[in-house]
Structures are given as C-alpha cells and as structure tokens.
Amino acid sequence: MTEVFARERTMHDLHTRRVRVLRTTPVAPSMVRITLGGDDLARFSADGPADHVKVFFPDPETGVLTVPEPGGFRKPRAEGAPAIILRDYTPLAFRPDAEGGPELDLDFVLHGDHGVAAAWAARAKPGDELGIGGPRASVLAPAGADSAIIVADESALPAATRWLQAFDASVPVTGLFFVKDPETSAYLDGADGEKRELHWFTGADRASALEAALRALPIGERTFVFLAGEATTLIPLRRYLRRELGLSKAQADVHGYWKRGEVALDHHAPLDPADPED
Ligand SMILES: Cc1cc2nc3c(=O)[nH]c(=O)nc-3n(C[C@H](O)[C@H](O)[C@H](O)COP(=O)(O)OP(=O)(O)OC[C@H]3O[C@@H](n4cnc5c(N)ncnc54)[C@H](O)[C@@H]3O)c2cc1C
C-alpha cells in the first residue's frame with residue numbers, strides 16, 4: 001500500500017534571503033503572525049503542507065544578523081566568526097503579488113524569553129530584519145489517501161492549517177490538537193466543516209486524552225496520519241501507529257518540532273531514540 005502514500009516532491013534551488021517585518025498580528029493567546037516582505041522573496045515557493053524554512057535571527061547580545069550563503073550554516077565556522085542562529089518555521093502563506101511586493105506569513109509560538117526565536121517574535125516590529133533559508137524541497141499531500149488525521153500542538157498549527165487546505169474538500173480530515181490554552185482553538189476558526197472535524201485537548205491531561213482520541217479513530221488502509229509537535233509527547237502515539245498498528249513511515253508521518261528542555265532540536269534526529277526509524 002506504500003504507493004497510496006507516495007508524495008510528489010519538488011527540489012528547489014537553495015536560497016538564503018534577507019527579509020523585513022511588515023506587520024505583526026496576534027492570532028491566538030500565545031501566537032503571533034509575522035508578515036515578512038522584501039525583494040529577496042521574489043521566486044520564493046513552498047507548495048508542500050509541511051514545508052519548512054530555516055529562519056536566521058539576530059544575535060540577542062550584539063543585535064547582529066548573520067545570514068549565511070545557501071547551505072553555509074552547515075559548514076564549520078571560523079573562530080571568532082559571528083554566530084549563526086537559526087530555527088525551523090512553517091511558511092504558512094506566501095502572496096507573491098501583494099500590493100506592496102511579495103509577502104510571507106510565519107506564525108510564532110510565544111513560549112517565553114528562554115528561546116531566541118520566541119523572544120525575538122514577542123518584540124518584533126515593522127522594519128526588523130530576519131534571514132530565511134529554503135525551503136530545500138516541497139513535498140505534496142499523498143494523492144491516494146482517502147482520509148487523513150492531523151495531530152498538532154501550537155507549533156504545528158501552521159502546518160495543520162496547510163494540511164487542512166492540502167486535501168481535496170471531499171477527503172475527510174480529522175484534526176486532533178493538543179494545546180495549553182483553550183482559546184487557541186480560535187486559530188482554526190472557520191476551518192471545520194462537513195469533512196473537517198476538529199478536536200481540541202487542553203489542560204494537564206491533554207496528552208493522555210489525545211492518545212485515547214487517536215486510539216478511538218478508525219484508521220483504514222488509505223488513511224494518512226501526520227503528527228507534529230513536542231517530541232516526547234508524540235513517542236507513545238508513534239509507537240501505537242507504527243508498532244501496534246504496523247503502519248509504514250509513509251502512512252504515519254511523525255515529526256518532533258521541539259523537545260521540552262532542548263534548545264534548537266534537530267528534527268532529523270530520531271524522535272524515539274529507543275526505536276529509530278527503519
Ligand atoms: C519542520 C518544523 C516546522 C516548525 N514550524 C513552526 C512554526 O511554524 N511555528 C512555531 O512556533 N514553531 C515551529 N517549529 C518549532 C520551532 O522550530 C521550535 O519551537 C524552536 O525550538 C523555537 O525556537 P526558540 O529559539 O524559541 O526556542 P529554543 O531556543 O529552541 O528552546 C528554548 C527552550 O524553549 C523550549 N521550547 C521550544 N519551542 C517551544 C514551544 N513551541 N513551546 C514551548 N516551549 C518551547 C525548549 O524546550 C527549550 O527548553 C517548527 C519546527 C520544525 C522542525
């Protein structure tokens with residue numbers, strides 16, 4: 001059944017871009033939409049629902065923004081060279097033909113001042129500069145899926161938004177969202193509908209309520225499942241899907257977007273160190 005979940009992939013020329021904040025808009029109790037603009041955004045493209053860009057931030061101590069050459073952030077840095085500070089974000093919406101030039105929306109979770117990205121986003125104002133790298137590739141939704149389940153916390157709500165749009169309106173999609181604040185559900189106001197069923201889990205026991213809800217859902221041979229959010233919360237869900245139900249990696253697509261207590265999680269590292277991907 002793997003071909004059911006085959007996904008069209010487009011590789012992009014790798015670019016790094018300098019962009020400026022055009023405006024900021026609160027979109028949930030602890031989420032802000034930052035709309036970026038600038039000529040460097042010409043020919044930006046990110047058609048896949050779970051595409052991501054590398055965002056380069058100014059050094060919080062010096063204020064200096066270092067935007068490397070494409071791919072340059074992977075190379076070893078010379079001693080004394082300014083730090084490259086980067087995190088992963090989801091390009092929520094790109095408007096190439098906006099009135100004042102191309103615009104890109106990124107939504108940031110404001111989780112406090114202990115993260116460079118969250119601290120920057122909390123203070124962002126028009127004119128502030130950032131760097132953007134990628135996306136390297138865009139991967140479309142699996143065309144053969146006849147239903148989908150999307151599991152996300154706040155950090156993956158931009159990706160969830162894109163998944164809800166990526167499937168044809170005739171394909172039933174169930175969203176299971178685990179978030180701190182019940183009012184975060186306003187983020188997806190208007191996204192529910194006949195074939196779009198959205199459930200929100202909040203409060204201290206949200207992880208167990210989420211797992212119970214996932215276990216209660218029918219998962220057929222053509223049901224695609226995407227999960228993203230805090231890595232350790234996703235481990236039991238991944239074990240259920242991959243080990244108990246025996247779903248393939250293509251059918252159950254699981255991504256740790258951040259990890260409690262870890263700075264700049266490498267999302268290519270195994271989500272579950274005790275059970276790395278095969
Ligand atoms: C493919 C991909 C796409 C992503 N898309 C988005 C997106 O669109 N919007 C978005 O907000 N995030 C997104 N993330 C998650 C984001 O990259 C991380 O949350 C990142 O660690 C934030 O950087 P920071 O500098 O704020 O915190 P860091 O310096 O990385 O971490 C500092 C501390 O904050 C904690 N922390 C990090 N993130 C969170 C969080 N969300 N909530 C609570 N505590 C946290 C860490 O555990 C650590 O203790 C995405 C991640 C990936 C891999």
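Our structure's up above, just so we're on the same page.
Throughout what follows, the structure given in this document is the object of discussion. (Residues numbered from 1 in each chain as written. Predicted model: local features only at pLDDT ≥ 70, side-chain atom pairs only at ≥ 80, totals over all residues. Heavy atoms only, no water.)

What follows concerns the overall build of the protein chain. Counting its regular elements, the protein chain contains four helices and 14 strands. Taking the principal axes of its C-alpha atoms as reference, the protein chain extends roughly 50 × 45 × 40 Å. Across the 278 residues in the protein chain, those meeting the buried criterion constitute 47%. Restricting to contacts in the protein chain with at least 6 residues of sequence separation, those with at least 24 account for 74%. As presented, the protein chain carries roughly 13,700 Å² of accessible surface, and 50% of it is formed by carbon and sulfur atoms. Side-chain charges of the protein chain comprise 31 positive and 42 negative groups, with the mean position of each set lying 4 Å from the other. (Helix = DSSP H or I, 4+ residues; strand = E, 2+ residues; numbered from the N terminus. Buried < 20%, exposed > 50% of the residue type's maximum accessible area, 1.4 Å probe, protein only. Contact = heavy atoms within 4.5 Å. Areas by Shrake-Rupley, 256 points an atom, 1.4 Å probe, with all protein chains shown as cover. Lys, Arg positive; Asp, Glu negative; His and termini not counted. Charge placed at Lys NZ, Arg CZ, Asp CG, Glu CD.)

This paragraph deals with the sheet that holds strand E7 (residues 103–109). Pairing is antiparallel across the open sheet formed by seven strands, whose spatial order is E5-E4-E8-E2-E3-E7-E6. If you trace the sheet from one side to the other, it starts and ends with strand E5 (85–89) and strand E6 (93–95), each paired once. Taken pair by pair, the neighbouring strands of this sheet meet at an average axis angle of 35 degrees, ignoring direction. With three bridges joining them, strand E4 (residues 53–57) and strand E8 (residues 129–133) adopt antiparallel strand pairing. By the bridge assignment, Val 55 is partnered in E8 with Ile 132. (Pairing = 2+ DSSP bridges. Axes fitted to C-alpha atoms, helices over the stretch in contact; angles between N-to-C directions.)

In short, the description is geometric, and any link to function would need to be established separately.
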